[in-house]
Amino acid sequence: MIKAKILFAVLAVGLLLTACSKQETGSTTLVLTVSYNTKELVEGADVRIYKTFDEFKVHGKSSYGSQKTGADGQVTFTNLEPIEYYVYAEKDGSSNMGYANKAGPLTDKRKHIGKVTLIR
């Protein structure tokens, strides 16, 4: 009976570790959650990702477009190159500009999860 409980515990931990790893997908994906420095999720934030720091500094048009966060504070960028990205997010004058937020380098055909903090 004790051996069965130990085996079950080992299997449960193995499943939990597998569920927390990067997920294999058909494309390289980046899911970003935006919150204020108070930990409050931000709905309606404008989020852009850039390939270079120079593009990030000027907040120009991103080749990946701009997305607005939903009620869950999240945006998802798909079909990305497996490289490092710079992330810019802002809403109502609050942004992450004081911080050069980076995502990556991303792994090809995997789903990656990141966070962005806006300073009020």
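These lines cover the structure that appears in this document, whether it is placed above or below. In this numbering scheme, every chain counts its residues from 1 along its sequence in written order. Given that this is a predicted model, residues contribute local features only at a pLDDT of at least 70 and side-chain atom pairs are listed and counted only at 80 or more, while totals for whole chains, interfaces and linings are drawn from all residues. Computation of side-chain values covers all heavy atoms of the structure but excludes hydrogens and water.

**Some words on the nonpolar core**
Then, in step 1: Within the largest apolar cluster, 18 residues are counted, with the highest numbers of intra-cluster contacts made by Leu 32, Val 34, Val 47 and Ile 49.
Then, in step 2: Elements supplying a minimum of two residues to this core: strand E2 (29–36), strand E3 (46–50), strand E5 (74–77), strand E6 (85–91) and strand E9 (110–118).
Then, in step 3: In this description a helix means any DSSP run of H or I spanning at least four residues, a strand means any run of E spanning at least two, and both kinds are numbered starting from the N terminus. Ranked by residue count, the leading element in this core is E2, at 4 residues.
Then, in step 4: With sequence-adjacent residues up to four places away left out, Leu 32 is seen in contact with Val 47, Ile 49, Gly 73, Gln 74, Val 75, Phe 77, Val 87, Gly 114, Lys 115 and Val 116. We call a set of buried residues a nonpolar core when its members are Ala, Val, Leu, Ile, Met, Phe, Trp, Tyr or Cys and they connect through side-chain atoms within 4.5 Å of each other. Using a 1.4 Å probe on the protein chains alone, a residue whose accessible area is under 20% of its type maximum counts as buried, one over 50% counts as exposed, and one in between counts as partly exposed. For this analysis, residues touch if any pair of their heavy atoms sits within 4.5 Å.

**Observations concerning the environment of Leu 41**
Then, in step 1: In this fold, Leu 41 is placed in the loop between E2 and E3.
Then, in step 2: For Leu 41, a relative accessible area of 43% corresponds to the partly exposed category.
Then, in step 3: Considering only alpha carbons, one finds Leu 41 and Thr 69, 28 residues apart in sequence, at a separation of 9.3 Å.
Then, in step 4: Discounting chain neighbours no more than four positions away, the residues touching Leu 41 are Thr 33, Val 34, Ser 35, Asp 72 and Gly 73.

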